[in-house]
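Residue-level structural notes
What follows is each chain in one-letter form.
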Amino acid sequence: MSNRIRTGSVAQDNRSKVWNFFWWEDGKRRCKALGRFPTKAAAWKAAKPLRDALETQPQPKSNVPTVSTLVEQYKLEKMPNRKDTKRTYQSWIRVHILPRWGQSAVTELQARPVEMWLESLQLAPKSRGHIRGILRSLWNFAMWKQAIPMQVNPISLVTVKGASKRRKQPRSITVEQFQKLSTELHEPHRTIALLCVCFGLRISEALALRWSDVDWLNGLLRVERGIVERNVDDTKTDESRKSLAIAGELLARLKMWKQTTEFSADTDWIFASPVKLGRLPYSYTGVWRELDRASEAAGLGHMGTHTFRHSYRMWIDAIGTPIGVQQKLMRHSDIRTTMNIYGDAATEDMREAHGKIVRLALQTV
């Protein structure tokens, strides 16, 4: 509540020259005539009994929810459903947002104090950008619930320098480096790496593939789900859920693996774990350890599973794939994520680009 609303104010009527005392009561503006005075200071002094009475009145409780209360409602109604995203949101909220803002009214989340607070956090700019995004979502949620009036979201005015820049350049490997790596990988990790680098799959998508996702007749692979920490979930984005053309050479490799694995039913995971009796696919941790071992043996140093997706992006660019086709192959919902240019792609163009990548990857594999 502003000081003027709490203590009232005086103003002179230009026509009658009478000073009036104004204050707010029950949401309405009230007025009482004070008389004629030579100065505003004199009128203000004359209004002292009224001001004293106003200040001693019990102030009504604000209906604006606290951030802590709003967070609990947000978790129930608007928290993202994807388990990996939900876990990340809950971590930022628990560790950073609630300790600082939990007992504050939502309306106290204003641009300047929030931006100064974010700057004080010992976090990477990208992480601070994620926290800003959650605060913005909380403000939008409060307006959606009509807990506060519709207005400009003040968090949209908050800037985080470097939030869109990476601290570390993502790593890509060349075709020759991939071939060295593949000779060191044991199955099924060699086939996992091959699928990731030929389709740009995220590891969560590769491990979540079932044999029923392969359309052998039409040469298509359906990417329909992801798996994170043994929890089967949706793909990262709606655009990621797609049917992708499979080159004949890669389809033959998949057939070889299907004949090798003991879990080859349509409902089985393509990379079912024998340790889990086929009920779950290989774990990300197991894949990462094998990849780390093989990359060290190949003299390539440490690399993560996302290296394959970055490499795929580099390879499809190197073979002269149009930017629109690249966007579709990378399954990006926004072309700016691929490259800041517009474009589109036809299925045959995608199949041709994919075939070139497969032939590169299978040169000596």
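This text goes with the structure placed above it.
Residues numbered from 1 in each chain as written. Predicted model: local features only at pLDDT ≥ 70, side-chain atom pairs only at ≥ 80, totals over all residues. Heavy atoms only, no water.

Okay, the sheet that holds strand β1 (residues 9-12) next. One open sheet accounts for three strands, arranged β1-β2-β3; its pairing is antiparallel. Looking along the sheet, the strands with just one partner apiece sit at the ends: β1 and β3 (28-35). Sheet twist, expressed as the mean angle between neighbouring strand axes with direction ignored, is 30 degrees. Across the sheet, helix α3 (residues 48-56) touches β2 (19-25) and β3, and the angle it forms with β2 is around 5 degrees. (Pairing = 2+ DSSP bridges. Helix = DSSP H or I, 4+ residues; strand = E, 2+ residues; numbered from the N terminus. Axes fitted to C-alpha atoms, helices over the stretch in contact; angles between N-to-C directions. Contact = heavy atoms within 4.5 Å.)

The next point concerns unusual backbone geometry. Most peptide bonds take the trans configuration, and most residues that are not glycine carry a negative phi. Omega for the peptide link from Glu187 to Pro188 comes to 5 degrees, which places this bond in the cis form. The backbone phi angle of Lys17 is positive, close to 65 degrees, even though this residue is not glycine. Tracing the chain through its elements places Lys17 in the loop between β1 and β2. For Leu277, which is not a glycine, the phi torsion comes out positive at approximately 55 degrees. Its location among the elements puts Leu277 in the loop between α11 (248-260) and α12 (284-297).

Moving on, we come to the pairing of strand β5 (residues 220-223). Burial along β5 is one-sided: Leu221 and Val223 are buried, and none of Leu220 and Arg222, which face the opposite way, are. By the bridge criterion, two bridges tie strand β4 (residues 214-215) to β5 in an arrangement that is antiparallel. Pairing of Asp215 across the sheet is with Leu220, part of β5. Here β5 pairs with strand β8 (residues 242-245) via four bridges, running antiparallel. Paired with Val223 across the bridge in β8 is Lys242. (Buried < 20%, exposed > 50% of the residue type's maximum accessible area, 1.4 Å probe, protein only.)

Now for the side chain of Thr305. Note that Thr305 resides in the loop between α12 and α13 (307-318). Once residues within four sequence positions are removed from consideration, Thr305 is found in contact with Ile203, Tyr284, Val287 and Leu291.

Right, let's talk about helix α6 (residues 111-120) for a bit. Taken as a whole, α6 has its buried residues at Ala111, Val114, Trp117 and Leu118. All buried residues of α6 fall inside an arc of 140 degrees around its axis, so they share one side. Seen from the open side of α6, the exposed residues pointing more than 90 degrees away from its buried face are Arg112 and Glu119. Looking at the buried residues of α6, the elements they touch are α5 (83-101) and α7 (125-144). (Arc of directions from axis to C-beta.)

For the rest of this paragraph, the subject is the packing of aromatic side chains. This structure, assessed with the given rule, holds seven aromatic pairs. A ring pair is formed by Phe21 and Trp23, whose centres lie 5.7 Å apart and whose planes are at 25 degrees; its orientation type is stacked. Each member of the pair, Phe21 as well as Trp23, carries the same accessibility label: buried. Here the aromatic rings of Trp101 and Trp117 are separated by 5.8 Å at their centres, their planes lie at 90 degrees, and the arrangement is edge-to-face. One end of the pair, Trp101, is in helix α5; the other, Trp117, is in helix α6, with 16 residues separating them in the sequence. Neither residue differs from the other here; Trp101 and Trp117 are each classed as buried. Through pairs of rings, three or more aromatic residues link up here, namely Tyr74, Phe141 and Trp144. Of note, Arg100 hangs over the ring of Trp101, and the distance from its end group to the ring centre comes to 3.7 Å. (Phe/Tyr/Trp six-rings, centres within 6.5 Å; stacked < 30°, edge-to-face > 60°. Lys NZ or Arg CZ within 6 Å of the ring centre and 35° of its normal.)

Attention now moves to the pattern of salt bridges. Applying the stated criterion across every chain, the model contains 10 salt bridges. Close ionic contact of Lys75 with Glu72 constitutes a salt bridge, the shortest N to O distance being 3.7 Å. Of the two residues, Lys75 and Glu72 are both situated in helix α4 (residues 67-77); the distance of three residues between them amounts to about one turn of the helix. On the basis of relative accessibility, which here comes to 34%, the residue Lys75 falls in the partly exposed class. Within the structure, one salt-bridge network assembled from shared partners comprises Asp213, Arg222, Glu224 and Arg225. (Salt bridge = Lys/Arg side-chain N within 4 Å of Asp/Glu carboxyl O.)

Structural measurements only, silent on function.
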